[in-house]
Amino acid sequence: MIAIADSGSTKTDWVILDSNLNEVFRTNTIGFNPYFVTANDITAELQKNKDFVPIANKFTKVFFYGAGTSSQAMHEIVKNGLNKFFINAEFTIDHDLLAACYATYMGKPAMVCILGTGSNSCYFDGVNMREETKSLAYILGDEGSGNDLGKRVLRAFYTKKMPFHLAKAFDNCYNLSVEELNKNVYLKQFANTYLASFNTFVVEHKNDPFIQKIIYDAMSSFIEYQILPYEEARHSELNFIGSIAHIYEDIIRAVAAEYHLTVGHIIRKPIDNVVDYHKKYLIK
């Protein structure tokens, strides 16, 4: 059995193949970002999955691509967590950005962008991935992501920059005190996904001019900080994966046009393309 996983900070999509590369089943777990979960957390989450438990010892290969795994130390956290569960498997563990490259590759070099709970970018020539800028994660970076939009709408509400009709709607929806907000952000696990949860409010009001400007500014920041440092961006398409990219596709294309950049395709759920790439190029 072979497992292929694409993991963001919120959730992980798993596709299971048999030895003939036929799909057996699909399942989901929470995101295994090692900045927010331990190796023991990963093992415990897998042990709760009823699809995996009966066949855990039958897996021979696990391909795992996840947010937060770009450094060796973080890579080892994920590997240790998986290894305690898939005890007979060989592991390939790499950055979710590489999975995004596999998912969006259409035969020509391109910029590859992730816009989901977090954000990231790189240039992929079909073989090699290059990061001109490094991810600074949800506190210092993640421009244009779900947690960036969440932070922007929270800031607008609590600093009284939000128009009255939106502020009233926000208060009615969340009834959230500053004390509770700070506890969830600074004292609890998964602060990034908590902040990204406020994107629900952004989506519900995305046709409001004030919210549209928040989205536009967030996407402009993504372009300025994560795309413009690449010389290749001037003459290559920008391809996107992620729920945020899918939801705000029209604004992303408008912002990119302002910078004279070209957006190619936007893929909401990349796992199908990732699996296809593995079947063609990586699984022998």
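All figures in this text were calculated on a predicted structure; none of them were measured in a lab.

S.K.: Break down the pattern of salt bridges for me, citing the residues and quoting the values.
M.R.: A complete count under the given rule lists 11 salt bridges for this structure. In this structure, Asp272 and Arg26 form a salt bridge, with 2.4 Å as the shortest nitrogen-oxygen distance. Of this pair, Asp272 sits in helix 13 (residues 271–282) while Arg26 sits in strand 3 (residues 23–30), and the two are 246 residues apart along the sequence. Given a relative accessible area of 36%, Asp272 falls into the partly exposed group. For Arg26, a relative accessible area of 41% translates into the label partly exposed. With a closest N to O distance of 3.5 Å, Glu180 and Lys183 form a salt bridge. Of this pair, Glu180 and Lys183 both sit in helix 7 (residues 178–186), 3 residues apart, roughly one helical turn. Members of the salt-bridge network, linked through shared partners, are Glu23, Arg26 and Asp272.

S.K.: Describe the environment of Asn40, and please don't skip the residues or the numbers.
M.R.: Within the secondary structure, Asn40 is located in helix 1 (residues 39–47). Residues Asn40 and Asn80, 40 residues apart in the sequence, show an inter-C-alpha distance of 8.3 Å.

S.K.: An account of the pairing of strand 1 (residues 2–7) is needed here, citing residue identities and associated values.
M.R.: A large share of strand 1 lies buried, amounting to 6 of its 6 residues. Of the two faces of strand 1, both are covered, the one formed by Ile2, Ile4 and Asp6 as well as the one formed by Ala3, Ala5 and Ser7. By the bridge criterion, 6 bridges tie strand 1 to strand 2 (residues 11–17) in an arrangement that is antiparallel. Its bridge partner being in strand 2, Ala3 is matched across the sheet by Ile16. Between strand 1 and strand 2, which pair antiparallel and follow one another directly, the connecting turn spans 3 residues. As judged from the 6 bridges shared by strand 1 and strand 4 (residues 61–66), these two strands associate in the parallel manner. By the bridge assignment, Ile4 is partnered in strand 4 with Phe63.

S.K.: Outline the packing of aromatic side chains, listing residues and values.
M.R.: In this description, a pair of aromatic rings is defined by centroid distance and the angle of the planes. Taken as a whole and assessed by the stated rule, the structure comprises 23 aromatic pairs. With a centroid separation of 5.1 Å and 80° between ring planes, the pair formed by Trp14 and Phe52 is classed as edge-to-face. Here Phe52 lies in the loop between helix 1 and strand 4 and Trp14 lies in strand 2, a separation of 38 residues in the sequence. For the pair shown, Trp14 and Phe52 are each scored as buried. Ring plane angle 20° and centroid distance 6.3 Å describe the contact between Phe32 and Phe64, whose orientation is recorded as stacked.

S.K.: Please set out a nonpolar patch on the surface residue by residue, giving values where relevant.
M.R.: Side chains of Leu136, Ile139 and Leu140 sit close together on the surface and give an oily, nonpolar patch of about 350 Å² of accessible area. Along the polypeptide, Leu136 turns up in the loop between strand 8 (129–130) and helix 4 (137–140).

S.K.: Break down the sheet that holds strand 2 for me, with residues and values.
M.R.: What links the strands of a sheet is backbone hydrogen bonding, and the strands pair in either a parallel or an antiparallel sense. Spatially, 3-2-1-4-5 is the arrangement adopted by the 5 strands of the open sheet, whose pairing is mixed. Only two strands of the sheet have a single partner each, and these edge strands are strand 3 and strand 5 (90–95). With strand direction ignored, the average angle separating the axes of adjacent strands in the sheet is 15°. Helix-sheet contacts for helix 2 (residues 72–83) involve strand 2, strand 4 and strand 5, and the interaxial angle to strand 5 is about 145°.

S.K.: An account of unusual backbone geometry is needed here, citing residue identities and associated values.
M.R.: In the Ramachandran plot, Asp142 falls in the positive-phi region, its phi being about 60° despite a non-glycine side chain. Of note in the backbone geometry, Lys160 takes a positive phi value of approximately 60° without being a glycine. Summarising the element assignment, Lys160 is placed in the loop between helix 5 (146–158) and helix 6 (164–174).

S.K.: I'd like a description of the sheet that holds strand 10 (residues 262–267), backed by residues and values.
M.R.: In space, the 5 strands of this open sheet follow the order 8-7-6-9-10, with mixed pairing throughout. Since the sheet does not close on itself, it has two edges, and those belong to strand 8 and strand 10, each with one partner. Pairing analysis gives 4 bridges linking strand 9 (residues 237–241) to strand 10, with the strands arranged parallel. In the sheet register, Leu238 faces strand 10, and the bridge partner there is Val263. Strands in contact with helix 10 (residues 209–227) are strand 6 (110–115), strand 7 (119–124) and strand 9; relative to strand 7, the strand with the most contacts, it is inclined by about 45°.

S.K.: Lay out the environment of Val274 in plain terms, naming residues and giving numbers.
M.R.: Of note, Val274 is situated in helix 13. For the pair Val274 and Asn175, spaced 99 residues apart in sequence, the C-alpha separation works out to 41 Å. In this structure Val274 touches Ile4, Ala99 and Ala103, once residues within four positions along its chain are discounted.

What counts as what
Residues numbered from 1 in each chain as written. Predicted model: local features only at pLDDT ≥ 70, side-chain atom pairs only at ≥ 80, totals over all residues. Heavy atoms only, no water. Salt bridge = Lys/Arg side-chain N within 4 Å of Asp/Glu carboxyl O. Helix = DSSP H or I, 4+ residues; strand = E, 2+ residues; numbered from the N terminus. Buried < 20%, exposed > 50% of the residue type's maximum accessible area, 1.4 Å probe, protein only. Pairing = 2+ DSSP bridges. Phe/Tyr/Trp six-rings, centres within 6.5 Å; stacked < 30°, edge-to-face > 60°. Patch = residues over 30% accessible without salt bridge, like charges linked within 9 Å, V, L, I, M, F, W, Y side chains within 5 Å. Areas by Shrake-Rupley, 256 points an atom, 1.4 Å probe, with all protein chains shown as cover. Axes fitted to C-alpha atoms, helices over the stretch in contact; angles between N-to-C directions. Contact = heavy atoms within 4.5 Å.

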